[in-house]
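# Chains, contacts and geometry: an overview
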Amino acid sequence: SAVISQKPSRDICQRGTSLTIQCQVDSQVTMMFWYRQQPGQSLTLIATANQGSEATYESGFVIDKFPISRPNLTFSTLTVSNMSPEDSSIYLCSTGTGGFYNEQFFGPGTRLTVL
Amino acid sequence: QQPVQSPQAVILREGEDAVINCSSSKALYSVHWYRQKHGEAPVFLMILLKGGEQKGHEKISASFNEKKQQSSLYLTASQLSYSGTYFCGTGGPGGKLIFGQGTELSVKP
């Protein structure tokens, strides 16, 4: 399985600012996914990031609020823009090979608190 | 459509068994099971594919009933280390997963 790291591991931010979260994988992967997990809740998919193409966003998530970059096969970033307290969550990236049957492995997550 | 898990929570004594169910209103192509301990990332347990099942761990197994559009995770002779929240995820196009709401499992000595 791939080893995934995220930076920062946690942050406390002021309302109206932006934070960029980095996700680094130790091997080349086709698919990278970004999830949000609010306290005590399940994981909600934000978007799928493929190298060389624009990210695909799920219903309820938009590029202006959560711009994503995927410059190569081992790295991706998620920016949480113009933050509000409702954005306080854990943000996780995961990797997969694509298709219905791929296993996904998760990074350790970034715990974000917005004041 | 989010799959539905039951029960929402279960408390066991060490050595007891548990079953966690995952149901979907849509046809299932694959079901993925994860365990998440508090403050940690979800850890992959196993994947079940349409037309078959795959056992991922000793004493933790799962079944996949395509007709009923549901999967069940079986934990036998539970250990303290089994405590955590279990999520099922249904596989979709492009490899994305839609997760159930989770089942919190507590194993007591």
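Just above, that's the structure.
In this report, we go over the structure that sits alongside the text. What you see is a predicted model; the values in this text were computed from it and never measured.

What follows concerns the overall build of chain A. If you tally the helices and strands in chain A, you get 0 helices and 11 strands. Helices and strands in chain A line up, N terminus first, as β-β-β-β-β-β-β-β-β-β-β. For chain A, the C-alpha radius of gyration of 13 Å lies close to 13 Å, the compact-globule estimate for 115 residues. Projected onto its principal axes, the C-alpha coordinates of chain A cover approximately 35 × 25 × 25 Å. Taking all 115 residues of chain A together, 50% fall into the buried category. Partitioning the intrachain contacts of chain A with sequence separation of at least 6 by distance along the chain shows that 53% fall at a separation of at least 24. Put simply, chain A shows about 5500 Å² of open surface, and 49% of that area lies on carbon and sulfur atoms.

Here the focus is the packing of aromatic side chains. Tallied over the entire structure, the rule returns 9 aromatic pairs over all chains. Put simply, the rings of A:Tyr35, A:Phe105, A:Phe106, B:Tyr34, B:Phe44, B:Phe87 and B:Phe99 touch in pairs and so form one group of aromatic residues.

We now examine the state of the cysteines. Residue and element names in this part refer to chain A. Counting across every chain of the model gives 2 disulfides over all chains. Each disulfide pairs two cysteine sulfurs, and for Cys-23 the partner residue is Cys-93, the sulfurs being separated by 1.9 Å. Given an S-S torsion of about 75 degrees, the disulfide between Cys-23 and Cys-93 has right-handed geometry. Within this pair, whereas Cys-23 is found in strand β3 (residues 19–25), its partner Cys-93 is found in strand β9 (residues 89–96), the two being separated by 70 residues in sequence.

On to the interface of chain A and chain B, then. If you look at the interface, chain A gives 23 residues, while chain B gives 23 residues. Summing both partners gives a buried area of about 1800 Å² for chain A against chain B, and 61% of it is carried by carbon and sulfur. For the pair chain A and chain B, the number of links is 1 salt bridge. Its salt-bridge partner being B:Lys96, residue A:Glu58 comes within 3.2 Å of it at the nearest N-O pair. Taken together, the elements giving at least two residues each to the side of chain A that touches chain B come down to β4 (31–37), β5 (43–50) and β10 (105–106) of chain A.

The subject of this paragraph is the environment of A:Ser88. Residues and elements named next belong to chain A. Take Ser-88: it is sitting in the loop between β8 (75–80) and β9. Discounting residues that sit within four places of it in the chain, Ser-88 has contacts with Gln-38, Pro-39, Leu-112, Thr-113 and Val-114. At 3.0 Å, the side chain of Ser-88 forms a polar contact with the backbone oxygen of Pro-85. At 2.9 Å, the side chain of Ser-88 forms a polar contact with the backbone nitrogen of Val-114.

Cut-off values and rules
Residues numbered from 1 in each chain as written. Chains lettered and ligands numbered in written order. Predicted model: local features only at pLDDT ≥ 70, side-chain atom pairs only at ≥ 80, totals over all residues. Heavy atoms only, no water. Helix = DSSP H or I, 4+ residues; strand = E, 2+ residues; numbered from the N terminus. Rg over C-alpha atoms; globule rule 2.2 N^0.38 Å. Buried < 20%, exposed > 50% of the residue type's maximum accessible area, 1.4 Å probe, protein only. Contact = heavy atoms within 4.5 Å. Areas by Shrake-Rupley, 256 points an atom, 1.4 Å probe, with all protein chains shown as cover. Phe/Tyr/Trp six-rings, centres within 6.5 Å; stacked < 30°, edge-to-face > 60°. Disulfide = S-S within 2.5 Å. Buried area = accessible area lost by both parts, 1.4 Å probe. Salt bridge = Lys/Arg side-chain N within 4 Å of Asp/Glu carboxyl O. Polar contact = N/O pair within 3.5 Å; in protein donor to acceptor, adjacent residues only side chain to side chain.

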